[in-house]
Structures are given as C-alpha cells and as structure tokens.
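Spelled out from the first residue to the last, the chains are:
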Amino acid sequence: MIVMENVYFTYPNGVEALRGIDLKIEDGEFIAIMGQNGAGKTTLVKHMNGLLKPTRGRVLVDDVETTKVSVAKLARKVGLVFQNPDHQLFSETVEDEIRFALKNFGFDEETIKKRVDWALNLLDLERYRNVSPFMLSGGERKRVALASVLAWDPSIIILDEPTIGQDYRQKERLRQFIMQLNQQGKTIIIVTHDVEFVAECSPKILLMREGKIIAEGEAREILTDEPLLYQASISMPEIAKIFKKLSALGLPSKVIDLYEAANILYERLSDIR
Amino acid sequence: MSIFDGFKFRSESSPIHEMDPRAKFIYVCILFSSAIIFNNIIPLLILFLIQMPIVLLAKVQREWLRSMKASAFFATLIFAMNFLSLYFYAGHETICSITERSAAMTMRFLVLIQTFSIFFLTTSPDMLGLALEQSGIPYEICFAFTTAVRFVPVLAEEAQTIIDAQRARGLELERGNIIRRIRNYIPILIPLIVNAIRRSMELAETMESRAWGAVKNRTNLYALRIKGRDILLIASSFVILIILSIYLDLHSGPINNSDDALLNRRLRLVARIIKIKRGILTFRLRGCKRPFEYAEHPRLDGYS
C-alpha cells in the first residue's frame, strides 16, 4: 500500500513538480497515471520507491516512511521500470542484465538461476539469453528492462511509458501480461499518454496537471469526460468519440471498450432490421 | 551540480553579456597572465577587486559567489600548503612574510577562478563558437567545440536518470570499500558512454540529412563587431597590466626578490605578452567581416 500525504516536491533548479499530492493506492490495484507533458507523473512515481524524497509532506510504502529506508530496500518491494531501457542496460548478455538486480538484492545462486529462467521465459527472451542487450531492437530492449525488474518479483510494479515504441502485437502482449500480473495480486501502476491502451485495460485513472491530481476515478468515467481530459491535454479514446457523436440516437455515451461498443451497435442495428 | 553553476552561462541582459566574446577573451588572457606574473599580495588583491564592478554590472553576483564558495576548499588548501612549505623550507623568513606570500598564492588562485567564472557566466557557448569561427578557425572545429559544450548539461541530466534507474534495481553506490565503490559506477558509466556514442551518430546523421557542410562559405545571422565598449575593456585591461608592471618595477622589495636580472626577465615577458596580444587583436579585427560582404557569395555555392 502506498500513501502520500500532502506531498510537495521542488527540484534543486527551483521547478516545483508536485504541489500537494494526496493519494492512497491499495494492494492489488491497477492504476494509470495520465496527464500532459511535465505534469509531474514521473516525479510522482519516483517518490514511490524513494528515489526522490518529498520536500514537504510524506510518502509511506507499507506503512514505512520513504525517508527512513534506503532506495535499495524500497526497490525490493517497488519495481520501477524506466521509460528508456537504454538508461539501464549495461551487461554483456541479457542473462547478466537480469542477474544484476538479483545479485544486488542478495538472492542465493539457486534462486537467481530459477528467477532468471522464469523471467526470460515470461517475456519470450529465452533465445537471447547469451546475446548482448545492445544488439537487440528497441522493443526487445524494453522487454529486457521489464524482465530485469520483474525477476525479483516486487509486489508493486510501476511502468513508466511502457507502450512507447511498441508495435500493436507487442502492446497487446504487454496488456495481457499486465492484466495477468494484476490478477495474481500485484499492484500495477502505469504512467502513460496512450489513451487507447488505457481504454482497453480499463484501470483506475489518476489525472495530473501542473503537479496536482485533478481527477481520480474509473476509466469509463474519466475517459468520457471531455472537458476534464482537455484540461490534461488528452483526447478521448476513438470509441468514446464515436459514441459521443451518436448520443443523439439515445446510445449510452460512456463507452470506451471496443467489445462493449460492438455489442451495443450490433443490438441497435438488429433492432432496426 | 552547484559547483558548476558558478561557471554555467546565464542568460541576462547586461553590458557585459553583450560584449564581444573576443574582447572578453583578451581581457581573460591579460588578467590570467597578470595574475601569474605578479606574486605579491597587493597587485593580486587589486586584480581581484577591480573585477568586482564587472561582476555587479553583469548581474551575476549570486553565481559568482557560488563559484567563490566552491573554490573556498581549494583556496584553504593552497594557503595551508604554501604556509607549511614556506615555514619549514624557507627558514629565514618571518611569519608575517610567510603569511603574506601564502595569501598572495591563494589570491592568485581566486583571481584565476573569478576571471574564468565571469567569462563563462557572461558568454554563451554560441557566441563563443561564433567568435572562434570569425577568428578564422575552421568551422568543423568550432562546431565540434560548441556541440561539446552544449551537450554537457544533457549528459549531466542523463547521468542522473541512469543513476536513478540503477538504484531502482538495487544498486547502492555508497556500499563497500573503495575498489568496490569504483566498480559500482560501471553500471552508470556503460549506459552513459553507449548513449553518448549513439547520440553522436544520430547527430551526425541528422546533420548530414540537413546538408551540413554543403556550402563552403558559410554566412552567419550575427556578425561580431568590436564596438566602443569592447575597445574600452581591452584598453582598460592593458592599462591594468601596465600600471601593475610599473608597480612591480617600483616595489620589487624583499618578498619579490630584488634580483635585477629576474625583474628584467619579467618585464620583458610582460612586453612580449603585450606584443602577442596586440598581434592577436589586429588579426582578429581583420578577420571580422560584415554580414553584407558574405552576401556576395551564392548561397548554394558548392552544392551542385
């Protein structure tokens, strides 16, 4: 569980990135943090594993204040996957890359072996086990970065912009994979601009603007609220746009899911026939 | 980071910022050489104090203070080292003169830092590049220089992100003995270097796709021109040098070693520096062209 109480954060250069954040994330929740560029999304998640400490207010992870423990200790619980995999890959092989964090956390050799195999398998990277991560494509590097974090099995997983640079099939795999982790009881937090991806996942949404949370709620409610989205520089998902235009026909306006949309239209059209 | 803030260009509008970088460069050279030629406290103190109006005029007093604070540690170290070595190895001197000499050495260091700080605080890297270019240095070299300077903050920011990313994977930089601590930096350095190389390749590609180097004779939007105040700055720095040289001539007391040969050598050195500076100055002034003279070149010269 992550609790933030009236958190303010100012960078050393004077930029005030967070301005009074109150937030509670329960275990097993699935949350998408959305908002315009520079709204403070990445700054917010960096507070969750103690990389940044609040200038004012406090952040509690499982009832422990982040200022009181080391980042390494918090990271064991909170796995944060950065936006750009090139900021963390450095090993000679993909296998070593995954081992790195496990060694840092002091797992024994047998567990490390098991976890590495598991993570390679999970992200379909087995065939790259002995390949240098620098030889892989952008999407593959992103998966290696993800595997290297999932390997230590953190209970809270934060993904910063996980869909950037991924093709449709990889995005779909990522989505299923995130849903699966969430069903296993992991807390998932994604930071993203990708409305369509969020619409398909349908998590709880935190909308940020200028260092504040301006709205919090179910994807169906938030992603169909056009004025609100406009404030956060986000456009509605395509499905929601269509249903807004069709609202004159008496169709429900709060639809974001493709299958639901298809069903409603199918029923409507068969009635006409 | 705060140490570098004392030397990082700050965009302000002040007469000092608007000065020709070449004039400021000459000023820096003269003050540097004066600080090195003189080794007693009074001229060095004067060199330090006469720069104060410039700091105030350029509105960079806060940054200047920061650079001074950053150098306080080294200044103390220099003072202590000088004091101790003079005390133990130059036995015939009094404590008073030892203190004076150590203070002079410290002051020299501070003058160097201050001059450096003023120059970089008030001169944008672009202007510096332009100055290099208009002094006849090949454009490729100027471009490499400005690019290198421009990417320093980018690299610093990237290093911070990489440190964050690795700490998020359980890396503890401050753990272990000294060797272990150095090894801890490998996961930071490799991505940093790889990214820097990758970025330079990308930069080269984007530059080529924008026809970099297609035109042999480049023109510039801005042309540097030495104005009245630039001449004033250059002239006053020479005046400072001359006045201090006269002072040196009159006050070559016991501290400053009254040996005539040495003094002569020093004065000759000053004269030679002045001559070299004058040479550079006239060379630069000649190298400075007006924009409309460039316009005579066809724009896409050499492009076919």
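Owing to the predicted nature of the structure, the values given are computational and were not obtained by experimental measurement. (Residues numbered from 1 in each chain as written. Chains lettered and ligands numbered in written order. Predicted model: local features only at pLDDT ≥ 70, side-chain atom pairs only at ≥ 80, totals over all residues.)

Caption draft 1: Region of interest: the overall build of chain A. The helix and strand inventory of chain A stands at 11 helices and 10 strands. Against the 2.2 N^0.38 benchmark of 19 Å for 273 residues, chain A shows a C-alpha radius of gyration of 20 Å, consistent with a compact globule. Structurally, chain A occupies a C-alpha span of about 65 × 45 × 30 Å along its principal axes. Sequence-distant contacts in chain A: of pairs separated by 6 or more residues, those separated by 24 or more amount to 62%. (Helix = DSSP H or I, 4+ residues; strand = E, 2+ residues; numbered from the N terminus. Rg over C-alpha atoms; globule rule 2.2 N^0.38 Å. Contact = placed C-beta atoms within 7 Å.)

Caption draft 2: Structural detail: the overall build of chain B. In terms of helices and strands, chain B carries 13 helices and zero strands. Scanning chain B from its N terminus toward the C terminus, one meets helices and strands in the order α-α-α-α-α-α-α-α-α-α-α-α-α. Across the 304 residues of chain B, 24% fall into the buried class. Across chain B, contacts joining residues at least 24 apart in sequence account for 83% of those joining residues at least 6 apart. (Buried ≥ 20, exposed ≤ 12 C-beta atoms within 10 Å, placed from the backbone.)

Caption draft 3: A look at the pairing of strand E10 (residues 212–218) of chain A. Residue and element names in this part refer to chain A. Across six bridges, strand E9 (residues 204–209) lies against E10 in antiparallel orientation. Each residue of the ladder has a partner; that of Leu-206, found in E10, is Glu-216. Turn length for the E9-E10 hairpin, with the two strands adjacent in sequence and antiparallel, is two residues, and the turn residue Glu-210 shows positive phi of about 45°. (Pairing = 2+ DSSP bridges.)

Caption draft 4: Fine view of the interface of chain A and chain B. The interface is formed by 22 residues belonging to chain A together with 18 residues belonging to chain B. Put simply, the parts of the chain that give the side of chain A that touches chain B at least two residues each are helix H2 (71–77), helix H3 (94–104) and helix H5 (138–150) of chain A. Tallied by class, residues from the side of chain A that touches chain B come to 14 nonpolar, six polar and two charged. (Nonpolar A, V, L, I, M, F, W, Y, C, P; charged D, E, K, R; others polar.)

Caption draft 5: A look at unusual backbone geometry. The residue Asp124(A) is not glycine, and still its phi comes out positive at about 60°. Of note, Asp124(A) is situated in the loop between helix H4 (109–122) and H5. Residue Asp124(A) is classed as partly exposed on the basis of its C-beta count, with 13 C-beta atoms lying within 10 Å. Positive phi, normally seen in glycine, also occurs at Lys59(B), with a value near 55°. For Lys59(B), the position within the fold is in the loop between helix H4 (52–57) and helix H5 (61–89). On the basis of neighbour counts, which here come to 17 C-beta atoms within 10 Å, the residue Lys59(B) falls in the partly exposed class.

Caption draft 6: Geometry of H5(A). All names here are of chain A. Across its 13 residues, H5 extends 19 Å between first and last C-alpha, which sits within 8% of the 18 Å expected from 1.5 Å per residue. Counting buried residues along H5, 10 of its 13 residues qualify, which places the element largely inside the surrounding structure. Considering only its buried residues, H5 is in contact with strand E6 (78–81), H3 and H4. (Expected span 1.5 Å × (residues − 1).)

Caption draft 7: Up close: the environment of Thr106(B). Residue and element names in this part refer to chain B. For Thr-106, the location among the structural elements is in helix H6 (residues 95–122). We classify Thr-106 as buried; it has 23 C-beta atoms within 10 Å. Taking the C-alpha atoms as reference points, Thr-106 and Leu-77, separated by 29 residues in sequence, lie 8.7 Å from one another.

Caption draft 8: Quick look at the sheet that holds strand E8 (residues 187–191) of chain A. Residues and elements named next belong to chain A. Here six strands make up an open sheet; going across it, the order is E6-E7-E8-E3-E9-E10 and the pairing mixed. Looking at strand neighbours, the two that pair on one side only are E6 and E10, the edges of this open sheet. Adjacent strand axes in the sheet meet at a mean angle of 15°, parallel and antiparallel pairs treated alike. Pairing between strand E7 (residues 156–160) and E8: five bridges, direction parallel. (Axes fitted to C-alpha atoms, helices over the stretch in contact; angles between N-to-C directions.)

Caption draft 9: Expanded view of the packing of helix H3 (residues 41–50) of chain B against H6(B). Residue and element names in this part refer to chain B. Look at H3 against H6: their axes get within 9 Å of each other, and the N-to-C directions meet at 25°. One way to sum up the angle between H3 and H6 is to call them roughly parallel. Handedness of the H3/H6 crossing: left-handed. Contact residues: Ile-41, Leu-44, Leu-45, Leu-47 and Phe-48 in H3; Glu-100, Ala-103, Ala-104, Met-107, Arg-108, Leu-110, Val-111 and Gln-114 in H6. (Parallel < 35°, antiparallel > 145°, perpendicular 65-115°, else oblique. Left-handed = near helix turned anticlockwise from the far one by under 90°.)

Caption draft 10: Summary view of the nonpolar core. In this structure, Ala147(A), Ala151(A), Ile158(A), Val198(A) and Leu223(A) are the most contacted members of the largest nonpolar core, which totals 83 residues. It is H5(A) that provides the largest number of residues to this core, a total of six residues. Setting aside anything within four residues of it in sequence, one finds Ala147(A) in contact with Ile98(A), Ala119(A), Leu120(A), Leu122(A), Leu123(A) and Leu125(A). One finds Ile30(B), Ala104(B), Met107(B) and Leu121(B) within the second-largest nonpolar core, a separate group that totals 29 residues. (Core = buried A, V, L, I, M, F, W, Y, C linked by C-beta atoms within 7 Å.)

Caption draft 11: Quick look at the pairing of strand E2 (residues 16–25) of chain A. Residue and element names in this part refer to chain A. Strand direction decides the pairing type here: strand E1 (residues 2–10) and E2, joined by seven bridges, are antiparallel. Note on E2: the bridge partner recorded for Thr-10 is Glu-16. Hairpin connection of E1 to E2: five residues between the antiparallel strands, including Gly-14 at a positive phi of 95°.

Caption draft 12: Inspection of H3(B) at higher detail. All names here are of chain B. Taken together, the buried positions of H3 are occupied by Pro-43, Leu-44 and Leu-47. Down the axis of H3, the smallest arc covering the buried residues is 100°, so these residues share one side. For H3, the elements touching its buried residues are helix H2 (21–37), H6 and helix H11 (228–250). (Arc of directions from axis to C-beta.)

Caption draft 13: Focus on the sheet that holds strand E5 (residues 64–65) of chain A. Here four strands make up an open sheet; going across it, the order is E2-E1-E4-E5 (chain A) and the pairing antiparallel. Lying at the two open borders of the sheet, with one neighbouring strand each, are E2 and E5 of chain A.

Caption draft 14: Representation of the confidence of the model for chain B. Residue and element names in this part refer to chain B. Taken over all residues, the pLDDT of chain B has a mean of 80, while the share at 70 or more is 82%. Here helix H13 (residues 291–294) stands out as the element of chain B with the lowest mean pLDDT, 40, in contrast to helix H10 (residues 186–209), whose mean of 92 is the highest. Contacts from residues 254–258, a stretch scored under 50 in pLDDT, to residues over four places away or in other chains number eight contacts. Within the model, pLDDT remains below 50 along residues 285–304, and this stretch shows 26 contacts once partners closer than five positions in the same chain are excluded. In the model output, the complex is listed with pTM 0.72 alongside ipTM 0.88. (pLDDT = per-residue confidence, 0-100.)

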